[in-house]
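Residues per chain, in single letters:
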Amino acid sequence: MNDKPRVFAVRSRSPGSSRSNLMVSTNAAGVKLTRRRKRSAAELGFDPDVSFNESDRPLVQMPAGTTAVIGLWSDTHSRAEGRGLASGGDTFAEPRKPNHSPTYSSSTKTEESDCKATEESDSNETVEVSETRRRYDLKHAVVRMLRNGLREDERSHSVCGCGFAATDLEFGGKRPEVTVHRNGQNRAWVSGVYRCKSGWLCPTCAPAVARQRQQSVQTVVEKTTGKKGVFLMGLVTVSHTKKDRLSKVKKMVAESFAAARRQKNWAAAEKAAGIAGVLVAPEVTYGRNGWHFHIHFGLPCLPTWDTTAELTPEEKKAAEESMLEAAEHAGKILIDNFRRQVAKRGGRTIEEGQGVQIAATGEAAADYIAKGVSWELTGGTAHKDEVKGLTIWQIVEDADIGDIDSFALFLEYSEVMPGTRSCVITQKLKDNLGLFGDVEDDDDESGTQNFDNDGAVVGRLRSDFWHRFLKTKLAGTFLSRIEAVDDKGKPNIFETVFDEIVDETLKEADKAEGIMTLKRAAKIQKSAADEATGHAATQIMLTRNVARRIRSAQALGKVHEVIAHHIETLRNEGHPEAALPTPSGIVAEIARLDREAREREAAQAA
């Protein structure tokens, strides 16, 4: 028993209020507490209706006045009752409410998002936050964590460039504008941008990736049943603890499952059951026992008899029952092989962690198998469950509000999962089912230029404005405002409202960029040997920032006037006079950037 005082960060919420209170509590009684576990008021010494984290770390600054954080849905349990493939385990494919806010409000916040379904403005007005904004806010957090410690010109994961203006040969480089769309369900998005297509790291691409994988699985099931076959679904996993690294658990599961399909008894069972191929869909969550990497798999089983032959009802029934028995036997063989391979590699499994079942429908199979990149942000009734586990989006959410452990978990995940393929339709499976051209291959590592023309075009936004929104965590805010416009009976409303929304969001971007610049300047000054050195380093940073801003913008007026405006803005933000950039320094930096760009173009042409 450790009797030294412990420090706890405690977040509580008053009944009937959406605001949470952050308090610090010390405990010198040495009570052993587990993460997010609740105890009585007598044991804790304060209201038990709170969540808390035990920590030996030095106290760190937490966001003040943030509202309570909701949980994100996850279906991760591998207990026997969770293997009810047709009925057990709700998935992201459940019907959703329309993705929009009911009204447009200029009070939408731009601070760190808490991913709640609602927020409170300064006037206590409740504003619903759209799913689109929550996705973009989480993507901003993902990019911020992945780029932590990197130089501005240093490359990182493709998600860091997701959403930026696409390269277009017609314009000789980046597109000068992105197109803003809105569909009949009031969902807004932009086209003319690069999409990373990463289902593992990108909250804005994950829904589309999940739908694609769902459709692939459903197509396979429909082709299988159309040939009078059956589709067997299953799950395999291993025992693990918090000491096990994700890379170790993933390697154990993936290698054991692959080896299980190389055994002689599997080849015989595969032939007897008429298995056309194997669909493999990895999924990973984090729970009280650490990383839970597991594999959902599907086995399309085709009839081994002549389906064109005329059979009596009794013969047909006997043939179908024989096919079901052969399919279930093959599934059992595969799981038994998997467990032996895990044991051979020094791992452990439990019988309750594995299972197979015949799919009732194509939709059920698609929901069950293709949920490795599931996305769902539900309403305020959702909660986090450490028994079922946390999805990566929940981990990102916690890291974004300052949880250091979650930040470390995300970095570990980002090193292991990207590039992992899911629901791949092999050539063998395509040939056996006649799927030529019916499905898309899964490739998590290749992005694409998105020139989507679906939905109504509500406006065109300068690319440099859109890039500023992405960098200042306002892209989701901008799109949610587009979604919230009530256009019923007002077919031309966006001709006026669009520019107003752009201007309002730009003002918030100016404020956010000012705060970011001041923070960077403060860090530079703090690390400098003396004040003069700090001012000189800050001046270099500000000069580069202004030069890049001016160079990326179009049609802003006379250059000297634009430069004077930027310098005055920096002065009004509170930067010391000695640290302000000079007009000549900014012009020289613009010339340097132009020269480097020409050199890169020449090198590429060569």
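Counting from 1, residues in each chain are numbered in the order their sequence is written. In keeping with the model being predicted, local features are shown solely for residues with a pLDDT of at least 70 and side-chain atom pairs are shown and tallied solely at 80 or more, while totals for entire chains, interfaces and linings include all residues. Where side-chain values are given, they derive from all heavy atoms of the structure, hydrogens and water being excluded.

K.L.:
Pulling in residues and values, what's your account of the overall build of the chain?
P.N.:
The helix and strand inventory of the chain stands at 16 helices and 16 strands. Only protein chains enter the area calculation, which uses a 1.4 Å probe; residues under 20% of their type maximum are buried, those over 50% are exposed, and those in between are partly exposed. Taking all 606 residues of the chain together, 49% fall into the buried category. Put simply, 74% of the contacts in the chain that link residues at least 6 apart link residues at least 24 apart. Numbering of helices and strands starts at the N terminus; helices are DSSP runs of H or I of at least 4 residues and strands are runs of E of at least 2. Only heavy atoms enter the contact rule, under which two residues are in contact if any of them lie within 4.5 Å.

K.L.:
Describe the packing of aromatic side chains, with residues and values.
P.N.:
The aromatic pairing rule takes the rings of Phe, Tyr and Trp, using the six-membered ring of Trp, and pairs them if the centres are within 6.5 Å, calling planes under 30 degrees apart stacked, those over 60 edge-to-face and the rest tilted. Scanning all chains against the criterion turns up 8 aromatic pairs. Note on Phe-469 and Phe-478: the rings are 5.4 Å apart at their centroids and 35° apart in plane angle, and the pair reads as tilted. Side by side, Phe-469 and Phe-478 carry an identical accessibility label, which is buried. Grouped by ring-pair contacts, the aromatic residues Tyr-136, Trp-466, Phe-469, Phe-478 and Phe-498 constitute a single cluster.

K.L.:
Please give an account of the sheet that holds strand β12 (residues 279-287) that cites residues and values.
P.N.:
Strand order in the open sheet formed by 4 strands is β12-β13-β11-β14, and the pairing between neighbours is antiparallel. Every other strand in the sheet has two partners, leaving β12 and β14 (355-358) as the edge strands with one partner each. Adjacent strand axes in the sheet meet at a mean angle of 20° when their direction is disregarded. Pairing between strands is defined by DSSP: at least two bridges between them are needed. Note that strand β11 (residues 230-236) and strand β13 (residues 290-301) share 7 bridges and pair antiparallel. Its bridge partner lying in β13, Leu-232 is registered against Leu-299. Whenever a helix is involved, its axis is fitted only over the stretch in contact; in every case the axis is a line through C-alpha atoms, and angles between N-to-C directions fall within 0 to 180 degrees.

K.L.:
Describe helix α4 (residues 246-260), with residues and values.
P.N.:
For α4, spanning 15 residues, the distance from its first C-alpha to its last is 21 Å, which sits close to the expected 21 Å at 1.5 Å a residue. Of all the residues in α4, the buried ones are Leu-246, Val-249, Lys-250, Met-252, Val-253, Ser-256, Phe-257, Ala-259 and Ala-260. Buried positions along α4 lie against β11, α5 (264-272), β12, β13, α6 (313-344) and α9 (404-416). A helix is expected to span 1.5 Å for every residue after the first.

K.L.:
Which residues make up the nonpolar core, and what are the values?
P.N.:
Core analysis: the largest hydrophobic core is formed by 58 residues, its most contacted members being Leu-299, Phe-410 and Tyr-413. Counting residues per element, this core draws most heavily on α6, which supplies 9 residues. With sequence-adjacent residues up to four places away left out, Phe-410 is seen in contact with Val-142, Met-145, Leu-146, Leu-201, Ile-392, Ile-395 and Val-396. Put simply, a nonpolar core is a bunch of buried Ala, Val, Leu, Ile, Met, Phe, Trp, Tyr and Cys residues held in one set by side-chain atoms that sit within 4.5 Å of each other. With 27 residues, the next largest nonpolar core counts Val-180, Trp-466, Val-485 and Ile-501 among its residues.

K.L.:
Give a detailed account of the confidence of the model for the chain, specifying residues and quantitative values.
P.N.:
In the predicted model, the chain carries a mean pLDDT of 75, and 70% of its residues have values of at least 70. Confidence of the predictor at the level of single residues is given by pLDDT, which spans 0 to 100. Looking over the chain, one finds the lowest element-wise mean pLDDT in strand β3 (residues 50-55), namely 34, and the highest in α4, namely 96. Taken as a whole, residues 1-127 scores under 50 in pLDDT and shows 281 contacts with residues more than four places along the chain or in a different chain.

K.L.:
Any details on the sheet that holds strand β8 (residues 177-182)? Residues and values, ideally.
P.N.:
The strand order across the open sheet built from 3 strands is β9-β8-β16, with neighbouring strands paired in antiparallel fashion. Here the strands that pair on one side only, and so sit at the sheet edges, are β9 (188-191) and β16 (456-462). Going from strand to strand, the sheet's axes swing by 30° on average, the running direction of each strand aside. Direction of pairing for β8 relative to β16: antiparallel, over a ladder of 6 bridges.

K.L.:
Provide a residue-level description of a negative patch on the surface, including the pertinent values.
P.N.:
Here a patch means residues that are over 30% exposed by relative accessible area and free of salt bridges, tied together within 9 Å if like-charged and within 5 Å if nonpolar (Val, Leu, Ile, Met, Phe, Trp, Tyr). Exposure was quantified through the Shrake-Rupley algorithm and a 1.4 Å probe, taking into account, for residues, occlusion by the shown protein chains and nothing else. By definition here, a salt bridge exists when the distance from a side-chain nitrogen of Lys or Arg to a carboxyl oxygen of Asp or Glu is within 4 Å. His is not counted, nor are the chain ends; Lys and Arg add positive charge and Asp and Glu add negative charge. Lys charges are placed at NZ, Arg charges at CZ, Asp charges at CG and Glu charges at CD. Residues Glu-320, Glu-321, Glu-325 and Glu-328 make up a contiguous surface patch of negative charge. Structurally, the position occupied by Glu-321 is in helix α6. Among the residues examined, Glu-321 registers a relative accessible area of 39% and is labelled partly exposed.

K.L.:
Residue-level account of the environment of Val-159, with values.
P.N.:
With respect to the helices and strands, the residue Val-159 is situated in the loop between α2 (131-146) and β6 (167-168). Leaving out residues up to four positions away in the same chain, Val-159 has contacts with Lys-139, Val-142, Val-143, Leu-146, Cys-196, Leu-201 and Cys-202.

K.L.:
Quick one: what's the story with the pattern of salt bridges, residue by residue and with numbers?
P.N.:
This structure, assessed with the given rule, holds 20 salt bridges. Salt-bridge contacts for Lys-248 lead to Asp-244; the nearest nitrogen and oxygen are separated by 3.3 Å. Looking at Asp-244, the relative accessible area reads 17%, which means it is buried. A salt bridge links Arg-592 to Glu-589; the nearest nitrogen and oxygen atoms lie 2.5 Å apart.

K.L.:
Any chance you could break down the environment of Pro-303 for me, citing the residues and the numbers?
P.N.:
By the secondary structure assignment, Pro-303 is in the loop between β13 and α6. With a relative accessible area of 17%, Pro-303 lands in the buried category. Separated by 30 residues in sequence, Pro-303 and Ala-273 place their C-alpha atoms 7.7 Å apart. Leaving out residues up to four positions away in the same chain, Pro-303 has contacts with Lys-227, Lys-228, Gly-229 and Met-323.

K.L.:
Just give me the short version of the packing of α2 against helix α11 (residues 463-471), but keep the residues and values in it.
P.N.:
The N-to-C vectors of α2 and α11 enclose an angle of 75°; their axes lie 9 Å apart at closest approach. With respect to α11, the axis of α2 lies roughly perpendicular. Listed contacts from α11 to Tyr-136, Lys-139 and His-140 of α2 are Trp-466, Leu-470 and Lys-471. The residue inventory of the contact of α2 with α11, partitioned by class, reads 3 nonpolar, 1 polar and 2 charged. The cut-offs work like this: below 35 degrees is roughly parallel, past 145 is roughly antiparallel, 65 to 115 is roughly perpendicular, and the gaps in between are oblique. Basically, the charged four are Asp, Glu, Lys and Arg, the nonpolar ten are Ala, Val, Leu, Ile, Met, Phe, Trp, Tyr, Cys and Pro, and anything else, Gly included, counts as polar.

K.L.:
Outline the packing of α11 against helix α13 (residues 494-527), supporting the account with residue identities and numerical values.
P.N.:
Where α11 meets α13, the closest approach of the two axes is 10 Å, and the angle between their N-to-C directions is 55°. One way to sum up the angle between α11 and α13 is to call them oblique. Crossing handedness for the pair α11 and α13: left-handed. Taking contact as the criterion, the partners of Phe-465, Arg-468, Phe-469 and Lys-471 in α11 are, on α13, Val-502, Thr-505, Leu-506, Ala-509, Asp-510, Glu-513 and Met-516. Residue classes in the contact of α11 with α13 are distributed as 6 nonpolar, 1 polar and 4 charged. Here is the rule for handedness: rotate from the far helix to the near one, and if that takes an anticlockwise turn smaller than a right angle the crossing is left-handed, while a clockwise turn gives right-handed.

K.L.:
How would you summarise helix α3 (residues 206-226) if you had to cite specific residues and measurements?
P.N.:
The α-helix winds at 3.6 residues per turn, so residues separated by three or four positions along the chain end up facing the same way. With 21 residues, α3 should reach 30 Å at 1.5 Å per residue; the first-to-last C-alpha distance of 30 Å fits that figure. With its phi angle positive at about 65°, Lys-228 sits one or two positions after the end of α3.

K.L.:
Any chance you could break down unusual backbone geometry for me, citing the residues and the numbers?
P.N.:
A positive phi is found at Asn-186, a non-glycine position, where the angle reads about 60°. You can see Asn-186 is positioned in the loop between β8 and β9. Take Asn-186: its relative accessible area is 18%, and that puts it in the buried class. The phi angle at Cys-423 is positive, at roughly 55°, despite the residue not being glycine. Note on placement: Cys-423 falls in the loop between α9 and α10 (427-433).

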